[in-house]
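Fold and geometry: a report
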Amino acid sequence: MTFSALTAISPVDGRYRDKTEPLASYFSEYALIKYRVRVEIDYFDTLTGFVPQLKPLHTDAMRRTLQQLYLGFTPGDAMRVKEIERTTNHDVKAVEYFIKEKFDALSLHAFKEFIHFGLTSQDINNTAVPLSLKEALDEVVYPEIQSVTDALKRRAEEWKDVPMLARTHGQPASPTRTGKEFQVFAYRLDEQIALLKTIPVSAKFGGATGNFNAHHAAYPALDWKAFADRFVNETLGLKREEWTTQISNYDHTAAIFDGLRRINVILTDLCRDMWLYISMDYFKQRINDRETGSSAMPHKVNPIDFENAEGNLGMANTLLTHLSMKLPVSRLQRDLTDSTVLRNIGVPLAHTLIALKSIAKGLDKLLLNRQAVARELDAHWAVVAEAIQTILRREGYPQPYETLKAWTRTNNEITAQSISELIDSLQLDDAVKAELRAITPHNYTGI
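Please read these numbers as outputs of a predicted model, since none were measured by experiment.

Scoring rules and cut-offs
Residues numbered from 1 in each chain as written. Predicted model: local features only at pLDDT ≥ 70, side-chain atom pairs only at ≥ 80, totals over all residues. Heavy atoms only, no water. Helix = DSSP H or I, 4+ residues; strand = E, 2+ residues; numbered from the N terminus. Rg over C-alpha atoms; globule rule 2.2 N^0.38 Å. Buried < 20%, exposed > 50% of the residue type's maximum accessible area, 1.4 Å probe, protein only. Contact = heavy atoms within 4.5 Å. Areas by Shrake-Rupley, 256 points an atom, 1.4 Å probe, with all protein chains shown as cover. 1 Å grid on protein atoms, 1.4 Å probe; cavity = no way out; pocket = protein on both sides within 12 Å on 5 of 7 lines; lining within 4 Å. Points joined across faces, edges and corners; volume = space filled by probe spheres on them. Nonpolar A, V, L, I, M, F, W, Y, C, P; charged D, E, K, R; others polar. Patch = residues over 30% accessible without salt bridge, like charges linked within 9 Å, V, L, I, M, F, W, Y side chains within 5 Å. Salt bridge = Lys/Arg side-chain N within 4 Å of Asp/Glu carboxyl O. Axes fitted to C-alpha atoms, helices over the stretch in contact; angles between N-to-C directions. Parallel < 35°, antiparallel > 145°, perpendicular 65-115°, else oblique. Left-handed = near helix turned anticlockwise from the far one by under 90°. pLDDT = per-residue confidence, 0-100. Phe/Tyr/Trp six-rings, centres within 6.5 Å; stacked < 30°, edge-to-face > 60°. Lys NZ or Arg CZ within 6 Å of the ring centre and 35° of its normal. Expected span 1.5 Å × (residues − 1).

**Considerations on the overall build of the protein chain**
Looking only at helices and strands, the protein chain features 20 helices and six strands. Its C-alpha atoms give the protein chain a radius of gyration of 31 Å, clearly above 22 Å, the size a compact globule of 447 residues would have. Overall size of the protein chain, expressed as C-alpha extent along the three principal axes, is 100 × 55 × 40 Å. Among the 447 residues that make up the protein chain, the fraction classed as buried is 49%. For the protein chain, the proportion of contacts with a sequence separation of at least 24, taken over those separated by at least 6, is 76%. As presented, the protein chain carries roughly 22300 Å² of accessible surface, and 53% of it is formed by carbon and sulfur atoms.

Spelled out as structure tokens, the structure:
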């Protein structure tokens, strides 16, 4: 751990920096500046094929030269932008002046006033930030969720034939299969990821109040709406919001945060179930001899991975809730409250990433305690009462539910023997009695 990590205020940049490091390329101050430079350059490059004065620059060679300004963007370049910002007291204007310096160095000074042409700062922020969010989701977050989903599916397959006592309301209930319970979570994650990916990552791009006022004043004959659609949708790979104020409507962005929050709720449910299964001794945990479970009790191996994940998921969802509720609300054509909030998008994603890595680690440690699972089934023969009363219904037996209800509640100890004696006492054909005797807590697991 570096000294800067030791002195970080937030644990996502301190204690957990090794887990959150991949997100630095998308949400750090350096990354934000780089994304802004990228949008400004791609905008200028797209202008070269649209504005008459820039047509001489509309070549593949010039495009490669321009793109190198962000592809080769260095920490030193970012420091230069911050140095300029100390004078401008405006972060996006500092990026504009930085690029103009680069244009001077490339002997492009005759064209540099077309940098940031007709734009307001939010045309850059509300494209750069969604772009960083989209790429962070695609390249970091979604693969981590998929990794957890795949781990759940492997365990679902491995334990698909292992019967397990279910508990509803905390009480013994109709048996299930261990693998099936893991598949439930894999299925839920698959469903919500598929739904989340249908939400467009949208961006605002339309000038000071969203109407292309300056663009239209300078070139009234040009179709700026079509230009903006092409730039945002095709060049940047986002979806342009057609009707906006000075800033993004943030409705799609809020929907993304809501979708991530639902996924985190599913993961929280998973963590709590794993914690309970471990506490019930259904699972042991693979031991690392070098690790300490408790500073006082040497025997303990705590479910810390699932506990850590649950805590981080709670932090993530608190922030995601604020983001989704705050960002779509802005006074009139704009206020500045979204600006500082946008800078925190990486924080809930960092907590989510920490949780995902912890869950993956916890799942990898799980060792099924088959003996304990089998003992639980053997200790709860009462759960086959549902099967018996249902077959009795099929056979037209009078008041089957009431019969089994009275019998189970007046027998203090329900065992295989007592169930067999009950079946013997019923007025049924021998074939039906044989069918009922074949049912055990181990095979009454459905389909």
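More follows now that the structure is in view.
**Looking at empty space enclosed by the protein**
Summed over all chains, the structure comprises one cavity of 30 Å³ or more. There is about 60 Å³ of room inside the largest cavity. Looking at the lining of the largest cavity, the elements that each hand over two or more residues are helix H8 (121-158) and strand S3 (202-203). The greatest single-element share of the lining of the largest cavity, amounting to five residues, is contributed by H8. Here the residues of the lining of the largest cavity are counted per class, giving seven nonpolar, five polar and two charged.

**Topic: a nonpolar patch on the surface**
A contiguous nonpolar surface patch, about 420 Å² in accessible area, is contributed by Met 1, Phe 3 and Leu 6. One can find Leu 6 in helix H1 (residues 3-6). Classification of Leu 6 as exposed rests on a relative accessible area of 59%.

**Topic: the packing of H8 against helix H12 (residues 251-279)**
Taken N-terminus to C-terminus, the directions of H8 and H12 make an angle of 20°; their axes are 13 Å apart at the nearest point. The orientation of H8 with respect to H12, classified from their angle, is roughly parallel. The two elements H8 and H12 meet at a crossing, and its hand is left-handed. When H8 is examined against H12, the residues Leu 133, Leu 137, Val 141, Ile 145, Val 148 and Leu 152 are found in contact with a partner set consisting of Thr 253, Ile 256, Phe 257, Leu 260, Ile 263, Leu 267 and Leu 270.

**Considerations on the pattern of salt bridges**
Any two side chains of opposite charge can pair, given that their charged atoms come close. Applying the stated criterion to the full structure yields 38 salt bridges. As a salt-bridge pair, Arg 334 and Asp 338 come within 2.5 Å of each other at their nearest N and O atoms. A relative accessible area of 2% places Asp 338 in the buried class. Through salt bridges that share partners, Glu 29, Arg 36, Lys 82, Glu 85, Asp 91 and Arg 343 make up one connected network.

**Some points on the layout of surface pockets**
Taken as a whole, the largest pocket encloses approximately 710 Å³ of empty space. Lining the largest pocket we find 33 residues, and of these Phe 27, Glu 29, Leu 32, Arg 343 and Asn 344 sit closest to its centre. Considering each element in turn, the lining of the largest pocket owes the most residues, five residues, to H8. Residues belonging to the lining of the largest pocket are distributed by class as follows: 13 nonpolar, twelve polar and eight charged.

**Focus: the confidence of the model for the protein chain**
Per-residue pLDDT for the protein chain has a mean of 95; in total, 97% of the residues score no lower than 70. A low-confidence stretch, residues 294-299 (pLDDT under 50), is modelled with one contact involving residues beyond four sequence positions or located in other chains.

**Regarding the packing of aromatic side chains**
For any pair of aromatic rings, geometry is given as the distance between the ring centres together with the angle between the planes. Taken as a whole and assessed by the stated rule, the structure comprises 19 aromatic pairs. Look at Phe 73 and Phe 98: their rings are 5.8 Å apart centre to centre, the planes differ by 85°, and that puts the pair in the edge-to-face class. Residue Phe 73 is located in the loop between helix H5 (60-71) and helix H6 (75-88), and its partner Phe 98 is located in helix H7 (residues 91-105); the two are separated by 25 residues in the primary sequence. Among the aromatic residues, those joined into a ring-pair cluster are Tyr 43, Phe 50, Phe 114, Phe 117, Phe 205, Tyr 219, Trp 224, Phe 227 and Phe 231. In this structure, Lys 197 packs its charged tip against the face of Tyr 142, placed 4.9 Å from the ring centre.

**A look at helix H15 (residues 346-365)**
Compared with the 28 Å implied by 1.5 Å per residue over 20 residues, the 29 Å span of H15 between its first and last C-alpha is a close match. Counting buried residues along H15, 15 of its 20 residues qualify, which places the element largely inside the surrounding structure.

**What to know about the packing of helix H19 (residues 416-425) against helix H20 (residues 430-437)**
At their nearest, the axes of H19 and H20 sit 10 Å apart, and the two run at 165° to each other. Here H19 lies roughly antiparallel to H20, going by the angle between them. Helix-helix and strand crossings are classified by hand; for H19 and H20 the assignment is right-handed. Contacts from Ser 420, Ile 423 and Asp 424 of H19 reach H20 at Lys 433, Leu 436 and Arg 437. Partitioned by chemical class, the residues of the contact of H19 with H20 number two nonpolar, one polar and three charged.

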